[in-house]
Each structure stands twice: as C-alpha cells, then as structure tokens.
Amino acid sequence: MNNKLLNILFLIIATAAFAQEVDSTAVQKDSVVLSEKREGIVIKDTVVDKKPYNPLAPSKAAFYSAVVPGLGQAYNKKYWKIPIIYAGMATGVYFYLKNDDDYNQFRDAYKRRLAGFEDDEFQGISTERLIDAQRNAKTNKDYSIIAVVLVYMLNIIDANVDAHLQQYNVTEDLSISPNFEVNSINTQANYGLSFRFKL
C-alpha cells in the first residue's frame, strides 16, 4: 500500500514537472538588411538579443526604494506593488495618529483628576484605569511606528530581490527533473532525480 502511494505521488510530481513551459528572456528583434539593391530583394534577418546582465540593477532598485518608497518597484516595472506599499505605510501612520490622540485624551483627563477636577469625559473610569489606558495607547503608538518602518524595509528588500530575480537565467543548460524507472529484475520502482548540465 505504501509503495503504491509513493508511486502515485511520484507520478503526480513528475507530470507537474514536465508540464512546465520553458520561459526564455531572449528578445527577438527583426531587422531588415538590403543586400542586393539591383534586384530589389529584401532579406529579413532575425537576431536574438539577450538582455545583458546588469550587476548594479539590484542596488539601484534598492536605492530608489530607499529614497522614495515604491520607486524601486517602478524601476523593476512592478507597478502593482506601489499601492500595497503606500497602503501599508498609511495604515501604520493612521494608527499612530489615532493612538496619539487617545493617549493625549487619557493624559489630559488624568492631569485634570490630579488637579482635583472631576468633569472629564471618562466619568465611569477609575484613575488607575486611565493610567493603564495611557500605557496601552503609548505601546500601540510604538507598534505603529515599528509597522511603518517594517513596511519601508520590506519595500527596499522587495525591490532588491525582484531586480535580482528579473536577471535570473532560466535556460535548459542546467536542470533537475524527477526520474522514474522500473527495475526489470524485481519489477520494483526506482526513484531519483536527474541532473543535467550543458556547457
């Protein structure tokens, strides 16, 4: 039973691996060459230009994102990520401002109670509870600042990693594929990985 389950699992993985299409980063350019003008023949020449590797692209993308959040994503032509970055940062700023207002309200009410006034807006809340509310609001303000900084740092890391992956070489020169063979002597399945490297 266990052997049959392993065979089925391996076949599913092998089928999924062979179903993938090879995506090439090669760009095909058409250029027209006029070689024989007297006869009026136009020869169409097809040239395959590979985009040259730019080792500074990841650092440029990271620098652009550090200067203006989202600019590195625009450099990588991943425009759909820019609203996500600004939404994350705006959410952190919104909660910081909200918790700052709450902190100021709790602090002002607490100061009025220390001065002897009992006409604050938190009539049913004890003084100890106001102190706890101030601490919670201050902690939430700190968390909001940390969230904004984390989104900013993730923005820089995402731009750098995305620029690296855009230049990743996807060719048939180096590949790993699952290998499934049946042993002819004892009719048991042999599993393995096939590693291919072309120079």
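Values in this document were obtained by computation on a predicted structure and should not be read as measured data. Counting starts from 1 at the beginning of each chain's written sequence and moves along it residue by residue. Local features in this predicted model are restricted to residues whose pLDDT is 70 or higher, and side-chain atom pairs enter the listing and the counts only when it is 80 or higher, whereas totals over whole chains, interfaces and linings include all residues. Each side-chain value is worked out from all heavy atoms of the structure, with water and hydrogens disregarded.

(A) Focus on helix α5 (residues 127–166). Secondary structure counts use DSSP, requiring at least four H or I residues in a row for a helix and at least two E residues in a row for a strand, with both numbered from the N terminus. How far a helix is expected to stretch is found by multiplying one less than its residue total by 1.5 Å. Here α5 is 40 residues long and its end C-alpha atoms lie 58 Å apart, about the 58 Å a rise of 1.5 Å per residue gives. Residue exposure (1.4 Å probe, protein chains only): buried if accessible area is under 20% of the type maximum, exposed if over 50%, otherwise partly exposed. Of the residues making up α5, those classed as buried are L130, A133, Q134, A137, K141, S144, V148, N155, I156, A159, D162 and A163. Two residues qualify as a contact provided that any one of their heavy atoms is within 4.5 Å of a heavy atom in the partner residue. Tucked into the core, α5 has its buried residues touching α2 (57–67), α3 (71–75) and α4 (82–114).

(B) Representation of the side chain of R113. Turning to its location among the elements, R113 is positioned in helix α4. Leaving out residues up to four positions away in the same chain, R113 has contacts with E118, D120, F122, Q123, I125, S126, T127 and L130.

(C) Expanded view of the pattern of salt bridges. Salt bridge, as applied in this entry: a Lys or Arg side-chain nitrogen positioned within 4 Å of an Asp or Glu carboxyl oxygen. Taken as a whole and assessed by the stated rule, the structure comprises five salt bridges. D102 is the salt-bridge partner of K98, the closest N and O atoms lying 3.4 Å from each other. Of this pair, K98 and D102 both sit in helix α4, four residues apart, roughly one helical turn. Accessibility expressed as a relative area gives 23% for D102, which makes it partly exposed. Salt-bridge contacts for K141 lead to D100; the nearest nitrogen and oxygen are separated by 3.1 Å. You can see K141 sitting in helix α5 and its partner D100 sitting in helix α4, a full 41 residues away along the chain. Via salt bridges that share partners, K81, D158 and D162 belong to a single interconnected network.

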